[in-house]
Amino acid sequence: MDFTDSPEEATFRREARAWLEANAERRTYPGETWKARYGESDGLARAKTWQARKHAAGLAAITWAPEYGGRGGTPIQQVVYNQEEARFLVPRGYFEIGLGMCIPTLHAYATEAQKQRYTPKALAGDEIWCQLFSEPAAGSDLAGLRTRSVKDGGDWVINGQKIWTSGAHFADWGIIVTRSDPRAPKHKGLTFFFLDMRSPGIEVRRIKQVSGASNFNEVYFTDVRVPDTQRLGAVGQGWGVSITTLMNERLAVGDVAGPDFDEVFALARATELPDGPAIENAAVRERLADWYVRQQGLRYTRFRTMTALSRGETPGPEASIAKVVSASKLQDIASFALDLQDMGGVMLDATESPMRAAFQEALLAAPGARIAGGTDEILRNIIAERVLGLPADVRVDKELPFDELPTGSAAERPRR
Amino acid sequence: MNFAFSEEQQALRDQARKFLADRAAPTRVRRILESDAPYDRELWRGMAELAWMGTAVPEHHGGAGFGYLELCVLAEELGRCLAPTPFSSSVYLATEALLLAGSPEQQGRWLPRLALGEAIGCFALAEGTRAPHAGNLQTEARGGRLGGVKLPVPDGDVADFAIVAARAGDGPAGAVSLFLVDLGAGGVTRTPVATVDPTRSHARITFEGAAAEPLGAPGAGWPLVERLLDRAAVLLAFEQVGGAQAALEMGRDYALGRFAFGRPIGSFQAIKHKLADVYVAVELARSNAYYAAWALSTEAAELPVAAAAARVAASEAFFHAAKENIQTHGGMGFTWEFDCHMYYRRAKLLALTLGSTARWKDKLITRLLLGEAQPQASRADT
């Protein structure tokens, strides 16, 4: 066992680091984000410039084939690059969905001409993509979606509503799964398209989250026309296409960003409780030890995954634990850190609260981390079914026509 | 990045699993559970023929001269089958104590026989139900004679000698030393003591003027105890991970085969999520154990922190897996006939045998505060 790079990995790491040193900026404080530095509109423009530069250097898609603008590199090179890039202040939340989910789906189902048309522009940041999947009544049960598509000549006409669409407000293109046949059982009546986000009839509304931030949108479709040439997969086969996209999502979702053991350990060392330093309190120490062990467990699990990649093998299922562990850990650490601040813990104030209120911010962001990209519950189902081989749940809705399924009203949002 | 066992080590694992599937099958473990036999002598002889006890003992001491990674592989397999043998006492503790602190004469006297499984050693630290520490040991050695009671001593009833942690009456006030005591000599009384896991024998040992020779520098015993516990913690963590994985698989298999309400119980999310959580705990423990194995095998400065983390994760994962395995089995899991209780018993026993999880968590934080080497800041790390 060792933790060093192979000679080839070390060479690539040196090159990646040198390029980043020359082209990227450092954070001015731990946890600084692109959006915090540049704001919304300037952030988008600068993100596009950054992406173009990264693509020109051959670093935008390391494992993709050169004929589509990729580098033709290995998965371990992508991991090495990601590790190096994480040390710098780079844009997050603009291109990941397009490059991680949408373009791979196009590559599985689109024509060669379409692949040639859309891939380079996505890589260079000229065109940003979003993914129109979830609906108010279809989240974990995505196949319960209701947005309708109806064939009309050479076009399809789309009506309905999508939600939790990251980046829809600045995206140029989107992939969408719709219901083309409500009389078919729910997984069998779906059809998948990609579409121009500036098509007439699309309305994007920002969603204000628990944290106050707005990273997501609701997207309304009123008689939106999409050419049949932009259909991905056969009519009624949209579920299979969606699975392709979601498999890529599982690969893209990893650890959750935010304060971790090191931050809460530092806070405990700096905190005085009525009976002495917090770091000498047995209850505090026990919690800290738990988080240390989880943090290190995830870290060494990543090492195991990297080892498999480095050997050219397919990683084992152990990588599937990362989000389910880290999202809850984030929430627990944040809550505990506010407890350590006692009455003052209620303040969300960048000057008064420790670490620029990172723990308060994390407390308000953590519920989303346990839901986005697969809820804790769905991830446990996936581990149980795909890793442990347990059977899928019994479904009462599998054979019935979709339009005969019972529905509820809980998905309707409170009106203000 | 090479954070995995080698092909040769995997081959050793395959060989060990095959051997143990036959020689340490659940029916054989159960035979020890249901008899007065302290351990499975036939299994022990078979392990000795494969020279497992000498895995990490250098060749000039009569060992096989492999390393700790190989020993970790064997520990995981032994833990997986709940092997009822004194392997952990003799190999992880007594052998390690001699390697760490034994004089050439002491090493020459015991290591070759330990490595061949001809002699069994044990480690005597606890003195009843209060957590032992440098300041509360009552056992005392004075003028080469040892007095006091050690209880419980794992494998104390079958061992040929004990490594005993005791106050050094001749040294500076309060100093602790390790002593090597021949348990066949005079002044030693041993009686078996019942534990929560009858597949692993324990004894009360009363010393009344037993001949005791110092092991290691006089008065330097407590840091030595800590070093010894750290090394054993890594190896036991692999036994725990092996046991946890086996309990998880047992629960999974039952959930697939047991039907209720017209369907396999493994199709209910209440069972699926329970077992998914066990899987997560086992993987976190396994990854921590791998890192500790690296630290042990390279004598890295990170060992104290890595060993404590591995011990905490593995102790919790094994007990978690064992208790939820019973729960998954429902009433059947609470019967003597099903093997679930054997994992449950072993899980709690191993979680206490080197000191409670709470104490190891405390040690972990103490060590992080001391700035003892933090996990290697690998270049390949984010």
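Please read these numbers as outputs of a predicted model, since none were measured by experiment.

**Notes on the overall build of chain B**
Scanning chain B from terminus to terminus reveals eleven helices and ten strands. Taking 21 Å as the expected radius of gyration for a compact globule of 382 residues, we find that chain B reaches 21 Å, a close match to that expectation. The dimensions of chain B, computed from C-alpha atoms along their principal axes, are 75 × 55 × 40 Å. Counting every position in chain B, which comprises 382 residues, the buried fraction comes to 57%. Of the contacts formed within chain B by residues at least 6 apart in sequence, a portion of 75% connects residues at least 24 apart.

**Observations concerning the overall build of chain A**
Tallying secondary structure elements over chain A gives twelve helices and ten strands in all. Taken over the C-alpha trace, chain A has a radius of gyration of 23 Å; the compact-globule value for 416 residues is 22 Å, and the two agree within 12%. Its C-alpha atoms give chain A principal-axis dimensions of roughly 75 × 50 × 45 Å. Within chain A, the proportion of its 416 residues that are buried is 39%. Contacts spanning at least 24 positions in sequence make up 70% of the contacts within chain A whose residues lie at least 6 apart.

**Here's the deal with the environment of Ala347(B)**
Residues and elements named next belong to chain B. When you line up the elements, alanine 347 lands in helix H10 (residues 340-353). For the pair alanine 347 and proline 192, spaced 155 residues apart in sequence, the C-alpha to C-alpha distance is 21 Å. Ignoring anything within four residues of it in the chain, the contact list for alanine 347 reads Gly243, Phe318, Phe319 and Ala322.

**A word on the domain arrangement of chain B**
Residue and element names in this part refer to chain B. Under the domain assignment used here, chain B contains domain 1 (7-119), domain 2 (122-219) and domain 3 (222-369). Computed from C-alpha atoms alone, the centre-to-centre distance between domain 1 and domain 3 is 21 Å. Elements with a contribution of two residues or more to the side of domain 1 that touches domain 3: helix H2 (26-33), helix H4 (68-80) and helix H5 (87-101). Per element, the largest residue contribution to the side of domain 1 that touches domain 3 is ten residues, and it comes from H4. Taken together, the residues that form the side of domain 1 that touches domain 3 break down as 15 nonpolar, three polar and four charged.

**Observations regarding the packing of helix H8 (residues 261-270) of chain A against helix H9 (residues 282-310) of chain A**
Residues and elements named next belong to chain A. Where H8 contacts H9, the two axes come as close as 9 Å, and the packing angle between them is 160°. Between H8 and H9, the angle falls in the class roughly antiparallel. Between H8 and H9 lies a crossing of left-handed hand. Here Phe261, Val264, Phe265 and Ala268 of H8 come into contact with H9, specifically with Val284, Leu288, Trp291, Tyr292 and Gln295. The residue makeup of the contact of H8 with H9, split by class, is eight nonpolar, one polar and no charged.

**Notes on unusual backbone geometry**
The amide bond that connects Leu151(B) to the next residue, Pro152(B), takes the cis arrangement and shows omega of -10°. Looking at the element boundaries, Pro152(B) is found in strand E3 (residues 145-154). Despite not being glycine, Met355(A) has its phi angle at roughly 50°, a positive value. Checked against the element boundaries, Met355(A) lands in helix H11 (residues 354-369). The buried category is assigned to Met355(A), around which 20 C-beta atoms lie within 10 Å. With a phi angle near 55°, Phe261(B) is a residue other than glycine that sits in the positive phi range. Turning to its location among the elements, Phe261(B) is positioned in the loop between strand E9 (259-260) and strand E10 (263-264).

**Concerning the environment of Phe87(B)**
In this structure, Phe87(B) sits in helix H5. Each C-alpha atom, one on Phe87(B) and one on Phe319(B), is 21 Å from the other, the two residues being 232 residues apart in sequence.

**Regarding the packing of helix H7 (residues 221-257) of chain B against helix H9 (residues 303-329) of chain B**
All names here are of chain B. Close contact between H7 and H9 brings their axes to 8 Å; oriented N to C, the two are set at 25°. Considering the angle they form, H7 stands roughly parallel to H9. In the packing of H7 onto H9, the handedness of the crossing is left-handed. The class makeup of the residues in the contact of H7 with H9 is 19 nonpolar, seven polar and three charged.

**Comments concerning the interface of chain A and chain B**
At the interface, 38 residues of chain A touch 43 residues of chain B. Those elements that place two or more of their residues in the side of chain A that touches chain B are H9, helix H10 (322-340) and helix H12 (376-387) of chain A. If you tally residues by element for the side of chain A that touches chain B, the top one is H9(A), at 16 residues. Along the lines of polarity and charge, the residues of the side of chain A that touches chain B split into 22 nonpolar, seven polar and nine charged.

**A closer look at the pairing of strand E7 (residues 216-227) of chain A**
Walk down a regular strand and you will see the side chains alternate between the two sheet faces. Bridging between strand E3 (residues 155-163) of chain A and E7(A) involves eight bridges; their strand directions are antiparallel. Note that in E7(A) the partner of Gln161(A) across the bridge is Tyr220(A).

**Some words on the pairing of strand E4 (residues 161-168) of chain B**
Residues and elements named next belong to chain B. With eight of its eight residues buried, E4 lies for the most part within the structure. Direction of pairing for strand E1 (residues 121-124) relative to E4: parallel, over a ladder of four bridges. When the sheet's bridge partners are listed, cysteine 122 is paired in E4 with alanine 162. Pairing geometry for strand E2 (residues 140-142) and E4, over two bridges, is parallel. Paired with alanine 141 across the two strands is alanine 168, which belongs to E4.

**Here we look at the environment of Gly345(A)**
Residues and elements named next belong to chain A. Along the polypeptide, glycine 345 turns up in the loop between H10 and H11. Glycine 345 gets classed as partly exposed once you count the C-beta atoms within 10 Å, which come to 18. Along the backbone, glycine 345 and asparagine 159 are 186 residues apart, and their C-alpha atoms lie at a distance of 46 Å. Glycine 345 has contacts with Leu338 and Asp339, leaving out every residue within four places of it along the chain.

**So, the nonpolar core**
Counting 234 residues, the largest nonpolar core has Ala162(B), Ile163(B), Val164(B), Ala292(B), Ala310(B) and Ala317(B) as its most contacted members. Here Ile163(B) is in contact with Leu93(B), Ala94(B), Ala97(B), Gly121(B), Phe123(B), Ala124(B), Leu178(B), Leu180(B) and Leu215(B), once residues within four sequence places are set aside.

**Details of the domain arrangement of chain A**
Accessible area lost upon the coming together of the parts serves often as the stated size of an interface. Residue and element names in this part refer to chain A. With domains assigned, chain A is organised as domain 1 (7-92), domain 2 (129-251) and domain 3 (253-387). Between domain 1 and domain 3, the C-alpha centre-to-centre distance is 25 Å. Listed by partner, the interface residues are six residues for domain 1 and five residues for domain 3. Top element by residues in the side of domain 1 that touches domain 3 is helix H4 (residues 75-85). It accounts for three residues. By residue class, the composition of the side of domain 1 that touches domain 3 is four nonpolar, one polar and one charged.

**Quick notes on helix H6 (residues 104-115) of chain B**
All names here are of chain B. Here H6 is twelve residues long and its end C-alpha atoms lie 16 Å apart, about the 16 Å a rise of 1.5 Å per residue gives. When H6 is considered as a whole, its buried residues turn out to be Gln107, Trp110, Leu111, Leu114 and Ala115. Down the axis of H6, the sector holding all buried residues measures 125°, keeping them to one side. On its buried face, H6 sits against H5, E1 and E4. Glycine 117 sits one or two residues past H6 and shows a positive phi near 75°.

**Remarks on the confidence of the model for chain B**
All names here are of chain B. Summing up the model confidence of chain B, the mean pLDDT is 95 and the portion of residues at 70 or higher is 97%. This model gives residues 377-382 a pLDDT under 50, and the stretch forms ten contacts once residues within four places in sequence are excluded. Interface confidence for the predicted complex, given as ipTM, is 0.94, next to a pTM of 0.93.

The rules behind the values
- Residues numbered from 1 in each chain as written.
- Chains lettered and ligands numbered in written order.
- Predicted model: local features only at pLDDT ≥ 70, side-chain atom pairs only at ≥ 80, totals over all residues.
- Helix = DSSP H or I, 4+ residues; strand = E, 2+ residues; numbered from the N terminus.
- Rg over C-alpha atoms; globule rule 2.2 N^0.38 Å.
- Buried ≥ 20, exposed ≤ 12 C-beta atoms within 10 Å, placed from the backbone.
- Contact = placed C-beta atoms within 7 Å.
- Domains from an automatic or database assignment.
- Nonpolar A, V, L, I, M, F, W, Y, C, P; charged D, E, K, R; others polar.
- Axes fitted to C-alpha atoms, helices over the stretch in contact; angles between N-to-C directions.
- Parallel < 35°, antiparallel > 145°, perpendicular 65-115°, else oblique.
- Left-handed = near helix turned anticlockwise from the far one by under 90°.
- Pairing = 2+ DSSP bridges.
- Core = buried A, V, L, I, M, F, W, Y, C linked by C-beta atoms within 7 Å.
- Expected span 1.5 Å × (residues − 1).
- Arc of directions from axis to C-beta.
- pLDDT = per-residue confidence, 0-100.

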